[in-house]
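Overview (structure and organization)
Here are the chains, one letter per residue:
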Amino acid sequence: MSWDELKKEKELPVKSVDGYTRSVKEETELNKHFATLFKGNEGKKVLEYLKSITSEVIAGPNITSNHLFHIEGMRFLMGIIKTRIQIGEKNGRW
C-alpha cells in the first residue's frame, strides 16, 4: 500500500432508512432494486396486500401488548419498503 492510497478520501458509510450502515453504492443499488421490483402491476398488488395487513390493521381494545408490538414491527417494515421505493424512483430505476 502506498502513501497515495492512504491519502485518498475513503467513501464514508451512510446510515440507512433501516438503521444499518452501508456504502452509498450499496444503498443506491438496494433502492433501485426495490423501485424496479415494485414498479409493475404485480408489485403494486403485493404492496396493496402488504398495506392491508400492516398500516390498515385496526387494533381493538383487547389487543395484547405482544400483538401490538408485532403489528408495529410490520408497519415499520412496510415504511422501509415504501421509503426505498420512493428513493429508488427518485434516483432512477434499473
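Conventions used here
- Residues numbered from 1 in each chain as written.
- Predicted model: local features only at pLDDT ≥ 70, side-chain atom pairs only at ≥ 80, totals over all residues.
- Heavy atoms only, no water.
- Helix = DSSP H or I, 4+ residues; strand = E, 2+ residues; numbered from the N terminus.
- Expected span 1.5 Å × (residues − 1).
- Contact = heavy atoms within 4.5 Å.
- Salt bridge = Lys/Arg side-chain N within 4 Å of Asp/Glu carboxyl O.
- Buried < 20%, exposed > 50% of the residue type's maximum accessible area, 1.4 Å probe, protein only.
- Core = buried A, V, L, I, M, F, W, Y, C linked by side-chain atoms within 4.5 Å.

1. Here's the deal with helix H2 (residues 24–37)
- Over its 14 residues, H2 extends 20 Å from the first C-alpha to the last, a length consistent with the 20 Å expected when each residue adds 1.5 Å.
- Elements that come into contact with the buried residues of H2 comprise strand E1 (14–15), strand E2 (21–22) and helix H4 (65–90).

2. Comments concerning the pattern of salt bridges
- For the structure on display, the rule yields six salt bridges.
- Here aspartate 18 ties to arginine 22 by a salt bridge, and the two come within 3.1 Å at their closest N and O atoms.
- In this structure, glutamate 56 engages lysine 51 in a salt bridge whose closest nitrogen and oxygen atoms are separated by 3.9 Å.
- For glutamate 56, a relative accessible area of 47% gives the class partly exposed.
- Each of the salt bridges in this network shares a partner with another, and the network as a whole consists of Asp18, Arg22, Glu27 and Arg84.

3. Some remarks on the nonpolar core
- Within the largest apolar cluster, five residues are counted, these being Phe38, Leu47, Met78, Ile81 and Ile85.
- The biggest single contributor to this core is H4, with three residues.

4. Description of H4
- Here H4 contains 26 residues, and its C-alpha end-to-end distance of 37 Å stays within 8% of the 38 Å for a straight helix at 1.5 Å per residue.
- Burial in H4 covers these residues: Ile71, Met78, Ile80, Ile81, Arg84, Ile85 and Gly88.
- On its buried face, H4 sits against E2, H2 and helix H3 (41–53).
- Of the residues flanking the end of H4, it is glycine 92, one or two places downstream, whose phi is positive at about 95°.

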